[in-house]
Every structure is written in structure tokens, then in C-alpha cells.
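Residues per chain, in single letters:
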Amino acid sequence: MRNAEQAACPIHADFDPLSPAFLADPFAILKSLAGEPVFYAPSIDYYVVTRYADTEEVFLDHETYSAAPAQRPLVQLVPEAAQILLAGGHQPQPSMVSLDQPAHTRLRAPTARAFTPRRVEQMEPRIRATVDQLLNSIDPSTPFDLVSTLSFPLPATIIFSFVGIPERDWPQLKEWCGHRATLAWGRPTPDEQVHHARNMAAYRSYLRGFVAAKAHVRDDTFASALLAIHDEDPTSLTYEEIASILYSLTFAGHETTNFLIGNVVRRLLEDPARWDAVVADAALIPGAVHETLRYDPSVPVWRRVTTRPVTLGGVNLPQGAKLFLWLAASGRDASVFPEPETFDLRRANATKTLAFGRGIHYCLGAALGKLEAEIAVEALTKRCPRLRLVEGQPLSFHPNISFRGPEALWVECRT
Ligand code: HEM
């Protein structure tokens with residue numbers, strides 16, 4: 001039953017972020033809306049927040065806006081699936097990004113300690129070598145799918161090797177990440193929920209076993225750096241918490257960056273003049289990555305819930321209101337980004353994007369993700385300066401609310 005406060009809020013009964021029309025072109029849907037800062041979407045039972053300032057306010061006020069729903073399944077889980085998750089040690093707030101303080105800090109602080117800027121810098125030669133190796137496998141005389149060739153395997157290779165996961169287990173981890181995306185951010189049927197839940201339980205169990213084994217065989221990986229922090233004071237960071245941190249990173253470091261690279265290349269090639277500009281001047285590449293994060297972010301939506309009644313964007317929200325922070329819409333807010341529909345390689349304030357969040361949960365991997373995208377684009381400009389999209393290809397997008405990029409992107413190296 002909706003109460004009087006909610007009645008003051010505009011309602012868009014036909015807004016459904018998992019509809020085929022939305023998945024195909026969310027920006028067309030954004031344009032067709034009346035421009036309300038906040039509206040209620042019954043299809044998902046969330047309040048949609050569209051403006052930059054309101055979204056930023058939510059991110060910065062972590063007491064009024066809890067991160068609890070960040071990874072919560074969008075659909076009500078059937079009891080069997082919920083039970084499998086709980087039995088597998090998967091709580092409703094399963095890892096750092098959905099925890100509020102002080103539980104959040106307990107995990108974020110050691111992660112930040114082990115995930116130092118120096119460690120990220122040290123990744124650069126490995127990223128370059130991996131990009132080269134992946135691009136060596138293409139035949140430049142025929143069209144190739146950029147996603148399966150480069151953008152999907154690159155971040156997986158980088159994050160899994162950074163963490164220390166043995167290479168033989170990478171395909172399995174990639175598969176588990178797919179189950180995780182659909183269960184938490186998609187609309188699976190009851191049977192699919194059970195299937196995904198079993199895989200999630202297996203994923204968590206694998207990581208627990210991995211941490212236990214790694215404790216005896218230390219090396220120079222991120223997992224070992226966390227174990228060293230555990231050794232200093234075992235009560236401040238338990239093995240279970242280390243497994244939880246690895247659960248965060250093995251997923252967050254993968255699809256986000258895969259889709260970022262796909263989106264950057266798509267948006268550059270959509271207008272060959274953009275591509276030609278970055279080929280002529282590699283110094284434009286970091287700006288191209290930021291502009292893509294504003295114009296077409298790989299994480300277009302993130303979630304929060306109100307901990308008290310509050311007014312946001314002029315709308316009175318009750319306690320417990322679930323918020324769909326439409327980050328992609330905040331990037332098109334003309335009050336912050338003039339002419340937001342124009343993809344501008346030289347946009348002065350593109351770095352202001354909220355694509356990595358803000359505040360205490362600000363993305364820990366932002367520097368790594370951007371570095372991977374920059375190196376990938378730079379290598380492509382060198383190898384295929386006349387790269388073009390294969391014309392007429394239909395693009396498809398995985399049916400979930402929070403991770404967006406083309407599932408395949410066919411390109412050709414014209415001579
Ligand atoms: C490159 C594209 C990426 C995008 C667009 C992205 C976006 C985001 C967003 C929107 C959040 C939530 C922020 C919030 O709640 O305020 C987040 C959190 C996080 N990201 Fe990323 N991310 C990316 C890459 C990565 C990479 C490569 C890693 C790891 C290596 C990573 C690790 C994390 C972690 C651990 C958090 C949780 C931080 C916390 O709760 O304190 N991300 N990211």
C-alpha cells in the first residue's frame with residue numbers, strides 16, 4: 001500500500017529498465033521521460049533518481065542512504081534460491097559495496113592498504129603484454145569481435161592474476177561472475193534463480209578454499225598481501241573476510257572494464273572522425289575514456305535505500321525507499337555537462353562523472369579500469385589506425401540493470 005508521501009511522487013508505470021526497448025537504447029527512454037528528478041517505477045519498486053546533484057547528494061550522505069541494496073537481487077527470490085545462498089554463506093549484504101559503516105570500513109581499509117597505487121602502476125607492463133598477446137591472435141585481414149578477442153579476456157586476465165587465482169580456474173570464475181550478474185541485477189525465473197544460487201554458493205566456497213590454500217603458499221599477489229595484514233592481527237581481518245574481499249574484486253574488476261572498453265571503442269568508431277582524432281593524437285585517449293564514462297557508462301545504475309524519511313529532488317521519500325541511481329542519466333545532466341548529447345573528446349569536466357560513485361564507496365579500481373581501457377585503445381590505434389565498425393551489425397546487451405556494454409562488437413582493420 002502506497003502512503004500519502006509516496007503519492008506526491010510522479011509515477012512512470014511503463015518504465016522498465018529490463019524491457020527490450022530500454023536495453024536496446026536507455027538514452028531514448030531517458031529523453032522520452034518528462035525530466036522529473038525523481039519518479040517511482042512500479043515495475044521494479046524503486047524510485048529512479050535522474051539528476052547529477054541528487055545522485056551526488058545520495059552518494060555523499062551514507063547515513064541517510066544505506067548501501068544495503070547494492071547487490072540485492074532485483075526480484076524477490078524464491079525460498080529455495082534464498083536458502084541455497086544463505087547455506088552457502090552468502091548474506092543479503094554479501095560484500096563491501098553493500099555494507100554500511102563500521103562493517104564497510106573493516107573490509108575497505110585492508111583492501112585499500114593492499115590495493116595500493118604502486119601495485120596498480122606495477123600492473124602496467126602486464127596489461128601492455130596481455131593486450132599485445134591478445135591482439136597477436138587476430139587476423140587483421142578479416143573482421144573480428146573486439147569483445148571476445150580483447151575487452152572480455154583482458155580485465156579477467158589482469159584481475160585474476162593480480163588476485164593470484166590459478167589460470168586453470170579462470171574460465172570457471174568467469175562463468176560464476178555471469179551467474180552473479182544475472183541473479184543480483186537481472187530478472188531470472190524461479191528455476192534460473194536456483195541454478196544461479198547454486199553457482200554463487202560454489203563461487204563463495206571456491207574462494208574460501210582458495211584463501212585457506214594460499215595461507216600456506218604466499219607469493220607477491222593481492223591475496224597474499226591481505227594474508228599479511230591478517231597475520232598482523234588475525235581478529236582484524238579474518239580468512240572469511242579475505243574471501244569476501246576477493247569476492248568483490250574478482251567480479252568488480254571484470255565486467256565493468258570489459259564493458260568500458262567496448263563502450264569506448266563503440267563510441268569512438270560511431271563517428272570515424274573521433275577515431276581518427278585519437279589515432280592522430282594519443283594524448284586524447286584518457287579524455288575519450290572519461291567522456292565515455294559520462295556519455296555511456298559501463299555501470300549505468302547503482303542502488304541505495306533511505307534510512308529515514310527525507311526529501312530528495314523535491315520529492316518526499318519514506319524510510320525504506322529503494323533508490324535506483326541512474327548514473328547514466330546523471331552524465332546527461334545539462335546543468336553539469338553542457339550539450340550533454342554531444343560526445344566531446346575534449347570536454348573539460350568529463351572527469352566529474354559519477355560513473356565510479358562518490359564518497360566512502362568510491363570505486364577502488366577506478367585507476368586500474370581506466371588504465372586498462374587507455375592501454376587497450378592505444379594499442380588498437382597503433383595496430384589498426386583505420387579501424388571501423390562492421391556496418392549494419394545489431395548490438396545486444398546482457399539483460400541486467402547495472403552492467404552495460406555490447407556483448408559483441410565486430411570491427412575491421414581497413415588498410
Ligand atoms: C572500469 C570501470 C568501472 C566502473 C565504471 C566501476 C564502477 C563502480 C561503482 C559505480 C561502484 C560503487 C560506488 C558506490 O557505491 O559509491 C564501484 C565500487 C567498487 N569498485 Fe568499481 N568500477 C569499475 C572498475 C573496477 C575495477 C577494475 C575494480 C577492481 C579492481 C573495481 C572495484 C570496486 C570495488 C572493490 C568497489 C567497492 C568499494 C566500496 O564499497 O568501498 N571496480 N565501482
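Everything that follows concerns the structure shown earlier in this document.
Let me sum up the structure you'll find in this document. Numbers given for residues are sequential positions, taken from 1 along each chain in its written order. Given that the model is predicted, a residue must reach a pLDDT of at least 70 before its local features are reported, and side-chain atom pairs must reach 80 or more before they are shown or counted; all residues, however, enter totals for whole chains, interfaces and linings. Only hydrogens and water are set aside when side-chain values are computed; all heavy atoms of the structure are taken into account.

**Regarding the side chain of Lys370**
Line of reasoning, step 1. Each helix corresponds to a stretch of at least 4 residues labelled H or I by DSSP, and each strand to a stretch of at least 2 residues labelled E; elements are numbered beginning at the N terminus. Assignment of secondary structure puts Lys370 in helix α18 (residues 366–383).
Line of reasoning, step 2. An unpaired buried charge is present at Lys370: no salt bridge exists, and Glu374, the closest side chain of opposite charge, is 6.4 Å distant.
Line of reasoning, step 3. Contacts between residues were defined by any pair of non-hydrogen atoms, one from each residue, lying within 4.5 Å. Apart from the residues within four sequence positions on either side, Lys370 is in contact with Val289, His290, Leu293 and Phe356. Per-residue accessibility, obtained with a 1.4 Å probe over protein chains only, is compared with the maximum for each type, and a residue is labelled buried under 20%, exposed over 50%, and partly exposed between these values. Neither His nor the chain ends contribute to the count of charged residues, in which Lys and Arg are positive and Asp and Glu negative. A pair is scored as a salt bridge if a Lys or Arg side-chain nitrogen falls within 4 Å of a carboxyl oxygen belonging to Asp or Glu.

**Points about the pairing of strand β10 (residues 410–413)**
Line of reasoning, step 1. Burial along β10 is one-sided: Val411 and Cys413 are buried, while Trp410 and Glu412, pointing the other way, are not.
Line of reasoning, step 2. In the sheet, strand β4 (residues 144–145) pairs with β10 via two bridges, with the strands oriented antiparallel. By the bridge assignment, Asp145 is partnered in β10 with Trp410.
Line of reasoning, step 3. Criterion used throughout: strands pair if DSSP finds at least two bridges between them. Of the pairings in the sheet, the one linking strand β9 (residues 387–389) to β10 comprises three bridges and is antiparallel in character. Bridging across to β10, Leu389 finds its partner in Val411.

**Structural notes on the site of the ligand**
Line of reasoning, step 1. Here a residue counts as near a molecule or strand whenever at least one of its heavy atoms sits within 4 Å of it. Taken together, 28 residues form the shell around the ligand, and within it His104, Arg108, Arg304, His361 and Cys363 come nearest.
Line of reasoning, step 2. We call two N or O atoms a polar contact when they sit within 3.5 Å, provided that within protein one can donate a hydrogen and the other can accept it, with sequence-adjacent residues counted only if both atoms are side-chain atoms. Interatomic distance of 2.6 Å between a side-chain N/O atom of His104 and an oxygen atom of the ligand.
Line of reasoning, step 3. Within the side chain of Trp302, one N or O atom sits 3.4 Å away from an oxygen atom of the ligand.
Line of reasoning, step 4. Broken down by secondary-structure element, the contributors of at least two residues to the shell around the ligand are α6 (103–114), α13 (239–252), α14 (255–270), β5 (301–306) and α18.
Line of reasoning, step 5. With three residues, the single largest contributor to the shell around the ligand is α14.

**What about the nonpolar core?**
Line of reasoning, step 1. As used in this record, nonpolar core signifies buried Ala, Val, Leu, Ile, Met, Phe, Trp, Tyr and Cys residues forming a set joined through side-chain atoms within 4.5 Å. Phe222, Leu246, Trp326 and Leu387 are the most contacted members of the largest nonpolar core, which has 131 residues in total.
Line of reasoning, step 2. Once residues within four sequence positions are removed from consideration, Phe222 is found in contact with Thr111, Ala114, Phe115, Arg119, Phe162, Val163, Ile245, Leu246 and Leu249.

**Details of the packing of aromatic side chains**
The relative placement of two aromatic rings is captured by the distance of their centres and the angle of their planes.
Line of reasoning, step 1. Pairing of aromatic rings covers Phe, Tyr and Trp, the last through its six-membered ring, and needs centres within 6.5 Å; plane angles under 30 degrees mean stacked, over 60 mean edge-to-face, and all others mean tilted. Under the criterion given, the structure shown has 22 aromatic pairs.
Line of reasoning, step 2. A centroid spacing of 5.8 Å and a plane angle of 75 degrees characterise the contact between Tyr52 and Phe337, whose relative ring orientation is edge-to-face. Of this pair, Tyr52 sits in helix α4 (residues 52–60) while Phe337 sits in the loop between α17 (327–330) and α18; the two residues are 285 residues apart in sequence, bridging distant segments of the chain. The same class applies to Tyr52 as to Phe337, namely buried.
Line of reasoning, step 3. On the basis of an interplanar angle of 55 degrees and a centroid distance of 5.6 Å, the ring pair of Trp176 and Tyr206 is categorised as tilted. Here Tyr206 lies in helix α11 (residues 190–214) and Trp176 lies in helix α10 (residues 170–185), a separation of 30 residues in the sequence.
Line of reasoning, step 4. For Trp176, a relative accessible area of 8% translates into the label buried.

**A look at the sheet that holds β4**
Line of reasoning, step 1. The sheet built from three strands is open, its strands ordered β4-β10-β9 with antiparallel pairing. At either end of the open sheet lies a strand with only one pairing partner, and these are β4 and β9.

**Thoughts on the packing of helix α12 (residues 222–232) against α13**
Line of reasoning, step 1. Note on definitions: angles span 0 to 180 degrees between N-to-C directions of axes, and those axes are lines fitted to C-alpha atoms, for helices only across the stretch in contact. At a minimum axis separation of 10 Å, α12 and α13 run at an interaxial angle of 150 degrees. By the angle class used here, α12 and α13 are roughly antiparallel. For α12 against α13, the interelement crossing comes out right-handed. Residues Phe222, Ala223, Leu226, Leu227 and His230 of α12 form the contact with α13, whose participating residues are Tyr239, Ile242, Ile245, Leu246 and Leu249.
Line of reasoning, step 2. Three classes are used: nonpolar for Ala, Val, Leu, Ile, Met, Phe, Trp, Tyr, Cys and Pro, charged for Asp, Glu, Lys and Arg, and polar for all others, with Gly counted as polar. Grouping the amino acids of the contact of α12 with α13 by side-chain chemistry returns nine nonpolar, one polar and no charged. The labels follow the angle: roughly parallel below 35 degrees, roughly antiparallel above 145, roughly perpendicular from 65 to 115, and oblique for the rest. By definition, any crossing whose near helix is turned counterclockwise from its far helix by less than a right angle is left-handed, and any crossing with a clockwise turn is right-handed.

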